Amino acid sequence: MSQENADVVRQQFRAFERDLDAMSAFWHLEIEWRAIEGAADDVGVMKGHNALRRYYEDWVSTFDQLRAEVDEVLFDADDRVAVSVRNSGRGRVSGVVTKGRYYVACTVRDGQIVRGREYETRDQALEAAGLRE
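Parameters and conventions
Residues numbered from 1 in each chain as written. Predicted model: local features only at pLDDT ≥ 70, side-chain atom pairs only at ≥ 80, totals over all residues. Heavy atoms only, no water. Core = buried A, V, L, I, M, F, W, Y, C linked by side-chain atoms within 4.5 Å. Buried < 20%, exposed > 50% of the residue type's maximum accessible area, 1.4 Å probe, protein only. Helix = DSSP H or I, 4+ residues; strand = E, 2+ residues; numbered from the N terminus. Contact = heavy atoms within 4.5 Å. Phe/Tyr/Trp six-rings, centres within 6.5 Å; stacked < 30°, edge-to-face > 60°. Pairing = 2+ DSSP bridges. Lys, Arg positive; Asp, Glu negative; His and termini not counted. Salt bridge = Lys/Arg side-chain N within 4 Å of Asp/Glu carboxyl O. Polar contact = N/O pair within 3.5 Å; in protein donor to acceptor, adjacent residues only side chain to side chain. Expected span 1.5 Å × (residues − 1).

Chemist: Before we move on, could you go through the nonpolar core and cite the residues and values that matter?
Modeler: When a protein is soluble and globular, its nonpolar side chains tend to lie buried together. In this structure, Val9, Phe13, Trp33 and Tyr56 are the most contacted members of the largest nonpolar core, which totals 33 residues. Among the secondary structure elements, those contributing two or more residues to this core are α1 (4-16), α2 (20-24), β1 (27-34), α3 (48-62), β3 (63-77), β4 (80-91) and β5 (97-109). With six residues, α1 is the largest single contributor of residues to this core. In this view, Tyr56 contacts Phe13, Phe16, Leu20, Met23, Trp27, Trp33 and Glu118; residues no more than four positions away in its chain are not counted. Counting residues in hydrophobic clusters, the runner-up holds nine residues, among them Leu74, Tyr119, Leu126 and Ala129.

Chemist: Now, about the packing of aromatic side chains: what can you tell me, with residues and values included?
Modeler: Evaluation of the coordinates by the stated rule reveals four aromatic pairs. Ring plane angle 20 degrees and centroid distance 5.5 Å describe the contact between Trp59 and Phe63, whose orientation is recorded as stacked. Residue classification places Trp59 among the partly exposed positions, given a relative accessible area of 27%. Take Phe63: its relative accessible area is 14%, and that puts it in the buried class.

Chemist: Explain the pairing of β1 to me, using residue names and the numbers behind them.
Modeler: Two elements, β1 and strand β6 (residues 112-119), share four bridges in a ladder whose sense is parallel. The partner of Arg34 across the bridge, within β6, is Arg117. As judged from the two bridges shared by β1 and strand β2 (residues 46-47), these two strands associate in the antiparallel manner. Its bridge partner being in β2, Glu32 is matched across the sheet by Lys47.

Chemist: Tell me what's going on with unusual backbone geometry, and back it up with residues and numbers.
Modeler: In this structure, Gln65 takes a positive phi of about 55 degrees despite not being glycine. Note on placement: Gln65 falls in strand β3. Positive phi values are uncommon outside glycine, yet Asp78 reaches one of about 55 degrees. Following the sequence through the fold, Asp78 ends up in the loop between β3 and β4. On the basis of relative accessibility, which here comes to 65%, the residue Asp78 falls in the exposed class.

Chemist: Can you lay out the side chain of Glu118 for me, pointing to particular residues and giving the numbers?
Modeler: Mapped onto the fold, Glu118 is located in strand β6. Buried and without a salt bridge, Glu118 has Arg117 as its closest oppositely charged side chain, separated by 8.7 Å. A distance of 2.9 Å separates polar atoms of two side chains, one belonging to Glu118 and the other to Trp33. One polar contact links Glu118 to Tyr55, side chain to side chain, over a distance of 3.1 Å.

Chemist: An account of α1 is requested, with residue identities and associated values reported.
Modeler: With 13 residues, α1 ought to run about 18 Å at 1.5 Å a step, and its terminal C-alpha atoms sit 19 Å apart, in line with that. Asn5, Ala6, Val8, Val9, Arg10, Gln12, Phe13, Ala15 and Phe16 are the residues of α1 that are buried.

Chemist: Give a detailed account of the environment of Val43, specifying residues and quantitative values.
Modeler: With respect to the helices and strands, the residue Val43 is situated in the loop between β1 and β2. Spatially, the C-alpha atom of Val43 lies 8.9 Å from that of Tyr55, the residues being twelve residues apart in sequence.

Structure below.
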């Protein structure tokens with residue numbers, strides 16, 4: 001399994017800890033992204049830098065110490081990547097610490113993420129990456 005495209009996805013999430021400008025450098029100008037379907041933050045498919053940036057700005061305004069880290073590469077072949085992401089943060093209003101895990105399937109071309117979708121389960125992400133049917 002190649003790691004080249006997975007490294008792009010991993011670096012994007014690492015950059016999130018620095019700032020959104022650093023993170024968005026990994027996005028294609030016409031990126032498409034979708035949060036977990038049916039989740040509280042699901043607004044449908046987000047298209048372009050501005051829409052995706054607003055999505056992450058909402059998270060940053062809601063949580064302190066917000067982190068998202070790729071903890072496992074599930075699949076990386078051709079232009080498709082599936083990863084497991086651990087996230088955590090402290091609610092700005094409540095002070096409650098939250099932790100979770102979700103899965104992301106991405107399409108990466110020429111070092112930029114052109115499409116990404118978040119999933120609740122490993123199997124959903126692997127299916128989206130084309131590994132399982």
